[in-house]
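# Geometric and topological summary
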Amino acid sequence: MRPRTRGLVWLVWRQHRAAFWAGLALFAAVAAYIVWQRTQMVGYVRTHGIEGCADWQTYCHGNRSDPLTGALMHLRDAYRTPLLHTGRLLIALPALIGVFVGAPLFARELESGTHQLVWTQSVSRTRWLVAKLALPLVAVLAGITVLAALYTWWWRAARAQFPDIAWGTAVPFDATGPAAVALAPLSFFLGAATGLLLRRTLPAMAVTLGATVAVQYGLGALRPHLMTPRTVVSDATGAFSRVPTEIFYTSWRGMVDGFLTRTGEKIPGDSCSSAVGGDAWNRCLTRLGATRREYEELHPASHFWPMQWIQAGICLAVAAALAAFCVWWIRRRPARKEAV
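Residues numbered from 1 in each chain as written. Predicted model: local features only at pLDDT ≥ 70, side-chain atom pairs only at ≥ 80, totals over all residues. Heavy atoms only, no water.

Turning our eyes to something else, we now look at the packing of helix 6 (residues 177–198) against helix 7 (residues 201–222). Direction vectors running N to C along helix 6 and helix 7 enclose 145°, while the axes themselves pass 9 Å from each other. Considering only the axes of helix 6 and helix 7, their crossing is right-handed. Residues L183, L186, S187, L190, G191, T194, G195 and L198 of helix 6 touch helix 7, and the partners they reach there are P203, A204, V207, T208, A211, T212, V215, Q216 and L219. Residues of the contact of helix 6 with helix 7, tallied by class, amount to ten nonpolar, seven polar and no charged. (Axes fitted to C-alpha atoms, helices over the stretch in contact; angles between N-to-C directions. Helix = DSSP H or I, 4+ residues; strand = E, 2+ residues; numbered from the N terminus. Left-handed = near helix turned anticlockwise from the far one by under 90°. Contact = heavy atoms within 4.5 Å. Nonpolar A, V, L, I, M, F, W, Y, C, P; charged D, E, K, R; others polar.)

Moving on: the environment of L150. Topologically, L150 is positioned in helix 4 (residues 125–158). Residue classification places L150 among the buried residues on the basis of a relative accessible area of 17%. For the pair formed by L150 and R38, sequence separation is 112 residues and the distance between their alpha carbons is 9.2 Å. Ignoring any residue separated from it by four or fewer positions in sequence, one finds L150 in contact with A31, I34 and V35. (Buried < 20%, exposed > 50% of the residue type's maximum accessible area, 1.4 Å probe, protein only.)

In this section: the layout of surface pockets. Considering only enclosed or pocket space, the largest pocket measures out at about 800 Å³ in volume. Counting only elements with at least two residues in the lining of the largest pocket, the list comes to helix 1 (3–47), helix 2 (69–112) and helix 4. By residue class, the composition of the lining of the largest pocket is 23 nonpolar, four polar and four charged. (1 Å grid on protein atoms, 1.4 Å probe; cavity = no way out; pocket = protein on both sides within 12 Å on 5 of 7 lines; lining within 4 Å. Points joined across faces, edges and corners; volume = space filled by probe spheres on them.)

Applying the stated criterion to the full structure yields eleven aromatic pairs. Seen in terms of ring centroids, F304 and W305 are 5.0 Å apart; in terms of plane orientation they differ by 85°. Their pairing is edge-to-face. By relative accessible area, W305 is classed as partly exposed at 32%. An aromatic cluster of at least three residues, connected via ring pairs, comprises W167, F173, W252, F304 and W305. (Phe/Tyr/Trp six-rings, centres within 6.5 Å; stacked < 30°, edge-to-face > 60°.)

Here it is as structure tokens:
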């Protein structure tokens, strides 16, 4: 490493060491909490012999689940809420990273004019930008990867006992696996690019927060379409008796459902949403040719990891584009000396 580069990295470390130690303390506290909660939960599950058991199962390890209902209910009361709240915290972390790490990274220096000192020390703008980005990015990726791995470890031990938490919803999907890791650099580069453009710290932080929330909302809306869902169809009475019960409880449901016509055409369930009253609703379905056969589109549990990697790929591609934009923007700035 060149001496000037080492000096630049040292300068970046000196500027952000307080934020680094604060972030390290936060990550360590959350990691310790996850490990403690999972340890307590797994210990309770093993003590009461309910590994892999869920309240929808008639039999658990060869025995009827009725005697275990109390243990499952206590497990739900004691650990379901902490699991969800921790997941929500991990979802909020990318936004916090973008707002408090990414946005001020350049905006603060451009606003105060301190970047001029560095640029006059024979340090190119590109090298300055890369050094400013690299150190916080490595720290952020290391921390969020550890937390995502720990939360995934916790979720995998709990998912059988909490089948009511759909795996495709924000919690746990955006808090586990590569999807959780990829959101962090996306928010970070979004904040950095916003800071370069606005050159004002507070406006950059506000815009980054709104943009990150919009991105997470957009990913949630896009998620059902990342893979082709599986369609299950009922019998002539409207019962899904041919579909294994486990499919319903382990799949991500609620995307699209409705009725079939005699020719097999799908009629979405909300086609008659404007009809008021049961009779009007039935007349509407009859007019559309609906039968008593129902259908539902769902994502089986086998779609979880492929969808994780697809979403992570989208986030990383956008993050890479934002990083390239930062380099392009800093290079195209006029060479004239700016007023401080």
